[in-house]
Amino acid sequence: MNQQIQELATEVGISVEYLTTTKQWTLIEALAQRIVQEAIQEVEGLEIVVEDGHEQWNRAVAHAGLHLKDHFGFEK
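Residues numbered from 1 in each chain as written. Predicted model: local features only at pLDDT ≥ 70, side-chain atom pairs only at ≥ 80, totals over all residues. Heavy atoms only, no water.

**Student:** Just checking my understanding: could you explain the overall build of the protein chain for this structure?
**Tutor:** Counting secondary structure elements, the protein chain contains 3 helices and 0 strands. For the protein chain, the succession of helices and strands along the chain, N to C, is α-α-α. In the protein chain, buried positions account for 22% of the 76 residues. By sequence separation, contacts in the protein chain at least 24 residues apart represent 41% of the contacts at least 6 residues apart. Looking at the protein chain as shown, the accessible area adds up to about 5800 Å², and 56% of this sits on carbon and sulfur atoms. (Helix = DSSP H or I, 4+ residues; strand = E, 2+ residues; numbered from the N terminus. Buried < 20%, exposed > 50% of the residue type's maximum accessible area, 1.4 Å probe, protein only. Contact = heavy atoms within 4.5 Å. Areas by Shrake-Rupley, 256 points an atom, 1.4 Å probe, with all protein chains shown as cover.)

Here is the structure:
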């Protein structure tokens, strides 16, 4: 399981002892990854058509998307 997702699961009270099958962990991880993917898509959708002064904003948006991918262990 992705380490970051496992830590978050533990923080909300989900433990290995509570889950009885590997499939349960797999489903939790799949849900968490889907939520993160949605968040990344929303961030990446914030880019503005490049006009004067928007380049810095677009670089920040791109950086935020890359940071989320890195933080949660997604390929860049």
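**Student:** What is the right way to read a nonpolar patch on the surface from this model?
**Tutor:** Together, Leu-46, Ile-48 and Trp-57 line one region of the surface with nonpolar side chains, adding up to about 270 Å² of accessible area. Tracing the sequence through the fold places Leu-46 in the loop between α2 (22-44) and α3 (55-71). (Patch = residues over 30% accessible without salt bridge, like charges linked within 9 Å, V, L, I, M, F, W, Y side chains within 5 Å. Salt bridge = Lys/Arg side-chain N within 4 Å of Asp/Glu carboxyl O.)

**Student:** Where do I start with α2 in this structure?
**Tutor:** Structural remark: α-helix, 3.6 residues per turn; residues separated by three or four positions point the same way. Compared with an ideal rise of 1.5 Å per residue, which puts 23 residues at 33 Å, α2 spans 33 Å between its outermost C-alpha atoms and is within 8% of the ideal. Where α2 is concerned, the buried positions are Trp-25, Glu-29, Ala-32, Val-36, Ile-40 and Val-43. Check the buried side of α2 and you find it contacts α1 (3-11) and α3. (Expected span 1.5 Å × (residues − 1).)

**Student:** How do you make sense of the packing of α2 against α3 when you look at a structure like this?
**Tutor:** When two helices pack together, their arrangement is given by the angle between the helix axes and the distance between those axes. The interhelical angle for the contact between α2 and α3, taken along N-to-C directions, is 170°, at an axis separation of 8 Å. Taken together, the axis directions place α2 and α3 in an arrangement best described as roughly antiparallel. Mapping the contact onto sequence places Ile-40, Val-43 and Glu-44 in α2 and Val-61, Ala-64, Gly-65, Leu-68 and Lys-69 in α3. Considering only residue class, the contact of α2 with α3 consists of 5 nonpolar, 1 polar and 2 charged. (Axes fitted to C-alpha atoms, helices over the stretch in contact; angles between N-to-C directions. Parallel < 35°, antiparallel > 145°, perpendicular 65-115°, else oblique. Nonpolar A, V, L, I, M, F, W, Y, C, P; charged D, E, K, R; others polar.)

**Student:** Whenever I open this one, the confidence of the model for the protein chain confuses me. Can you help?
**Tutor:** In low-pLDDT segments, the atomic positions of the prediction should not be examined closely. On average, the protein chain scores 79 in pLDDT, and the residues at 70 or more come to 84%. Across the protein chain, element-level confidence peaks in α2 with a mean pLDDT of 85 and bottoms out in α1 with 81. (pLDDT = per-residue confidence, 0-100.)

**Student:** I keep staring at α1 and nothing clicks. Help me out?
**Tutor:** Inspection of α1 places Gln-4, Ile-5 and Ala-9 among the buried residues, and these make up the whole buried set. Seen along its axis, α1 keeps its buried residues to an arc of 135°; they face one direction. Opposite the buried face of α1, by more than 90 degrees, sit the exposed residues Thr-10 and Glu-11. For α1, the secondary structure elements touched by its buried residues are α2 and α3. A positive backbone phi angle near 95° is found at Gly-13, which sits one or two residues after α1. (Arc of directions from axis to C-beta.)

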